[in-house]
Amino acid sequence: MEIKVDGSPKIAIIGTGYVGLSTALILAKQGCGVYCTDVDRQKVDSLEKGISPVYEPGFEELLQDMKQAGRLHPTTDIQGAIAASSISFICVGTPSKEDSSIDLSYIVNAANMIGKALANKDGYHLVVVKSTVVPTTTKKLVLPELEKASGKKAGKDFGVSMNPEFLREGSALQDAQEPDRIVIGEMDEGAGAVLAKLYEQYDCPVLHTDLDTAEMIKYTSNSFLATKISFANEIGNICEGFGIDVYEVMKGVGLDSRISPQFLRAGAGWGGSCFPKDVMALVAAARENGTDPILLSKVLEQNQVQPLRLIDLATKALGDLAGKRIAVLGLAFKPDTDDVRHTRALPLIRGLLDKGVMVSAYDPKASENFKLLLDEEERSIIIFTNTALDALDGAEACIIQTEWQEFRDFSPKDLVSAMARPVVVDGRRTLDPVRFINGGVKYLGIGWKND
Ligand code: NAD
Ligand code: UGA
C-alpha cells in the first residue's frame, strides 16, 4: 500500500462519501498522498476501478486522474492507512436516530479504529473531525476515545482538530476548492498549525477557534440557511394569497447587502442529507442541554407541510384528484445529484397516492435510489419512466419537484403536445410562468400569482 509523494503529507480519509471523497480528491490534486478508506467494500472496489460510487459532477474524472498519478489509493485496510499517514480525516456519516437526535456511533467507531492504529505508531499524528457533530462531541467523545484506544495523550502524542465542511452536493468539488472560509477548531495551537499549513494555498479567511465553537459554526450555518429558505417559503405562501410573485419580491429584498440574494428561492421545501438531520440534531441537543429552540422547531414544522402545498395547487387546477394521472418530475433532493435523502418528492408522492392519484415519475439520475425509499406496494403502483416525455404522456398535470436543466429546457409546445391537459404545478420556479402561460399551458407555482 505504498503511495509516493514528494514532501507533501500522507493523508488517511476515514469514510469515503461526498465529504470524504471530495476532501481526498482535492488533497491529492494539491500533491498529497491520500488513502481513501471505507468499511463498505463495494465502495472501495468501485473507487479502485475509477468509478465514483455517487453521481457528482467532476468526481469520476478527477478520481481517474489522481489514481493514474499514483496519489490516491482506495482501501478497506483502515489501520494500515492510518499507520502510513500523518493526518487522518474522520468523514463518516452522522445520521439521525429514531428520536431525531444525532447518531454518533460511526464517529465513535472511527475514533476507536484510529486510536488502535495510533497505539503502535511513532511520531505526531493529527486527527481531524470533518463530519458534522453536535457541540462538545470532539472534546467529550472523540478525544477520550482516541486516548483510551491508543493509550496515548492528546496534545503530546497526537493532535485533535475539528474542521467543518461547507460544500453542497451537485457542486461539491467547486465548493470544496473555493470555500468562503476555513474553520479550524483546535485543541491547541500545534494541531491548528498542521491544518493551517495544509490549507495555506487557499485564498479565503481562516478562522481558528476552539473545538466546540467550530462544531457550533457548522450547525449555525446550516440552521440559518434552512431558516432562510423556510422564511422565503412562508413569504411565498403569503404572496400567493395576495397575487404577488415572490421571486420578484425576493429580488428586491436580496439586493440589500445585509440579506443577500442567495437561498431565497421559495419552493417545495428543503431536503438533502444535511439540513433536515442537522436542524433536528441541534434542536434535540439543545433540548437535552436545557434550551427549547422555539424558532427552529417551527422551521422544521414549516418544512413538513411545504411540499403538500403542491397537492393543494394541483387540486386547485384539477378539482378532485382521485383517479387522475399526474407526472412528478424530479425525485432527487436537488438537481445534479442522485441523492434522495429527505427528498421532498417522498411526502409529495405519498400525499398524491393517498388521494388516489395515478403517479408517473421521472428523474434523470435518482429513480433507482428513490425506489429504495418506497414499500413494495408503492413501488408497484408508481410508473417510473425513462424519459420526461414518457412520464408526461397522457398526464392531466405535472408537478416539477426538482429543477433539473432538462426540465428548464422544455418548451410550452412539449407540454401541450405530450399531456392530456397541459397543467404544470412548479415547485421550484423551473419554468418562466409568463412564457408558458402565453404558450397555452396552465401554470401554477409556489409563490406565483395563481388565479
Ligand atoms: P456518506 O453517508 O455519503 O458517507 C459516509 C461514509 O462513511 C460511508 O461510505 C460509510 O460506509 C463510511 N463509514 C462509516 N463508518 C466508517 C468507519 N468506521 N470507517 C470507515 N468508513 C466508515 O456521508 P457524507 O454525505 O459524505 O457526510 C459525511 C459527514 O459530513 C456527515 O457528518 C455530514 O453531515 C457531513 N457533511 C456532508 C455534506 C454533504 O453535502 N453530503 C456537506 C458537509 C458536511
Ligand atoms: C447544504 C449546505 O448548502 C452546505 O453548505 C452544507 O455543507 C451541506 O448542506 C451539508 O452540511 O451537508 P446541500 O444539502 O448539498 O448543502 O444543498 P443545498 O444547495 O443547500 O440545498 C438544500 C435544499 O434546500 C435542497 O432541497 C434545495 O432544493 C433547497 N433550497 C436551496 C431551496 O428550496 N431554496 C433555496 O433558495 C436554496
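A quick note: this is a predicted structure, and the numbers were derived from the prediction, not measured. (Residues numbered from 1 in each chain as written. Chains lettered and ligands numbered in written order. Predicted model: local features only at pLDDT ≥ 70, side-chain atom pairs only at ≥ 80, totals over all residues. Heavy atoms only, no water.)

### Concerning the domain arrangement of the protein chain
- Taken domain by domain, the protein chain comprises domain 1 (10-209), domain 2 (219-303) and domain 3 (307-445).
- Contact residues are listed per partner, giving 8 residues for domain 1 and 8 residues for domain 3.
- Here domain 1 and domain 3 share an interface that buries about 660 Å² over both sides, 44% of which is from carbon and sulfur atoms.
- On the domain 1 side of the contact with domain 3, Tyr18, Tyr55 and Glu169 bury the most area, a combined 77% of that side's loss.
- At the junction of domain 1 and domain 3, the tally comes to 1 salt bridge.
- We note a salt bridge from Arg341 to Glu169, for which the minimum N-O separation is 3.7 Å.
- On inspection of domain 1 and its partner domain 3, the count reaches 2 residue pairs in polar contact (both at pLDDT 80 or more). (Domains from an automatic or database assignment. Contact = heavy atoms within 4.5 Å. Buried area = accessible area lost by both parts, 1.4 Å probe. Salt bridge = Lys/Arg side-chain N within 4 Å of Asp/Glu carboxyl O. Polar contact = N/O pair within 3.5 Å; in protein donor to acceptor, adjacent residues only side chain to side chain.)

### What about the site of ligand 1?
- Close contacts around ligand 1 come from 27 residues, with Asp38, Lys43, Thr94, Thr132 and Lys277 the closest.
- Measuring from a nitrogen atom of ligand 1, one finds a backbone N or O atom of Gly15 at 3.4 Å.
- Protein chains shield 90% of the accessible area of ligand 1, which is 840 Å² for the free molecule.
- Listed by contribution, the elements that provide at least two residues to the shell around ligand 1 are α1 (18-29) and α5 (105-119).
- With 3 residues, α5 is the single largest residue contributor to the shell around ligand 1.
- When the residues that make up the shell around ligand 1 are grouped by side-chain class, the tally is 11 nonpolar, 8 polar and 8 charged.
- Both domain 1 (10-209) and domain 2 (219-303) contribute no fewer than three residues apiece to the shell around ligand 1. (Near = heavy atom within 4 Å. Areas by Shrake-Rupley, 256 points an atom, 1.4 Å probe, with all protein chains shown as cover. Helix = DSSP H or I, 4+ residues; strand = E, 2+ residues; numbered from the N terminus. Nonpolar A, V, L, I, M, F, W, Y, C, P; charged D, E, K, R; others polar.)

### Points about the sheet that holds strand β14 (residues 442-445)
- Read from one edge of the open sheet, 6 strands run β11-β10-β9-β12-β13-β14, paired in parallel fashion. Sheet topology places β11 (383-384) and β14 at the edges, where each strand pairs with a single neighbour.
- Contacts between helix α13 (residues 309-318) and the sheet are confined to β9 (325-329), β12 (397-400), β13 (423-426) and β14, with β13 contributing the most and set at about 160° to the helix.
- Contacting β9, β10 (358-362) and β12, helix α14 (residues 345-354) runs over the sheet at an angle of about 175° to β9. (Pairing = 2+ DSSP bridges. Axes fitted to C-alpha atoms, helices over the stretch in contact; angles between N-to-C directions.)

### A few points about unusual backbone geometry
- Positive phi values are uncommon outside glycine, yet Ser100 reaches one of about 75°.
- Structurally, Ser100 can be placed in the loop between β4 (87-90) and α5.

### Topic: the packing of aromatic side chains
- All chains considered together, the criterion is met by 7 aromatic pairs.
- With centroids separated by 6.3 Å and ring planes inclined at 85°, the aromatic side chains of Trp270 and Phe275 adopt a geometry described as edge-to-face. The pair formed by Trp270 and Phe275 is uniform in burial state, with each residue classed as buried.
- Relative to Phe410, the ring of Phe407 has its centre 5.8 Å away and its plane inclined at 25°; by these criteria the two rings are stacked. With respect to burial, Phe407 and Phe410 carry one shared label: buried.
- Here the aromatic cluster, defined as three or more aromatic residues joined through ring pairs, consists of Phe263, Trp270 and Phe275. (Phe/Tyr/Trp six-rings, centres within 6.5 Å; stacked < 30°, edge-to-face > 60°. Buried < 20%, exposed > 50% of the residue type's maximum accessible area, 1.4 Å probe, protein only.)

### Some thoughts on α1
- Taking 1.5 Å of rise per residue, 12 residues should cover 16 Å, and α1 covers 16 Å from first to last C-alpha, within 8% of that figure.
- What α1 keeps buried is the set Tyr18, Gly20, Leu21, Ser22, Thr23, Ala24, Leu25, Ile26, Leu27 and Ala28.
- Phi turns positive one or two residues past the end of α1, at Gly31, with a value near 115°. (Expected span 1.5 Å × (residues − 1).)

### Some thoughts on the pattern of salt bridges
- On inspection of all chains with the given rule, the structure shows 20 salt bridges.
- Of the charged contacts in the structure, one is a salt bridge between Glu368 and Lys371, with a shortest N-O distance of 3.0 Å. Pair noted here: Glu368 and Lys371 are both in helix α15 (residues 367-371), with a separation of 3 residues, about one helical turn.
- The network of salt bridges with shared partners includes Glu169, Asp339 and Arg341.

### Let's talk about the site of ligand 2
- Near ligand 2 there are 18 residues, and of these Phe166, Leu167, Glu169, Lys218 and Cys274 occur at the shortest range.
- For ligand 2, whose accessible area on its own is 700 Å², the fraction buried by protein is 93%.
- Counting residues per element, the shell around ligand 2 draws most heavily on helix α9 (residues 211-242), which supplies 3 residues.
- Class assignment for the residues of the shell around ligand 2 results in 9 nonpolar, 2 polar and 7 charged.

### Some words on the state of the cysteines
- Inspection of every chain in the model, using the stated rule, returns 0 disulfides.
- The structure places no disulfide on Cys36, whose sulfur is separated from the nearest cysteine sulfur, that of Cys91, by 9.3 Å.
- The exposure class assigned to Cys36 is buried, which follows from its relative accessible area of 0%. (Disulfide = S-S within 2.5 Å.)

### Side note on the pairing of β10
- The buried fraction of β10 is high, at 4 of 5 residues.
- The sheet contact formed by β9 and β10 spans 5 bridges and is parallel. Counterpart to Ile326 in the pairing with β10 is Val359.
- Regarding the hand of the β-α-β motif, the stretch spanning β9, α14 and β10 is right-handed.
- When β10 meets β11, the two strands line up parallel, connected through 2 bridges. Opposite Ala361, over in β11, you have Phe384 as the bridge partner. (Right-handed = clockwise from strand over helix to strand, strands pointing away.)

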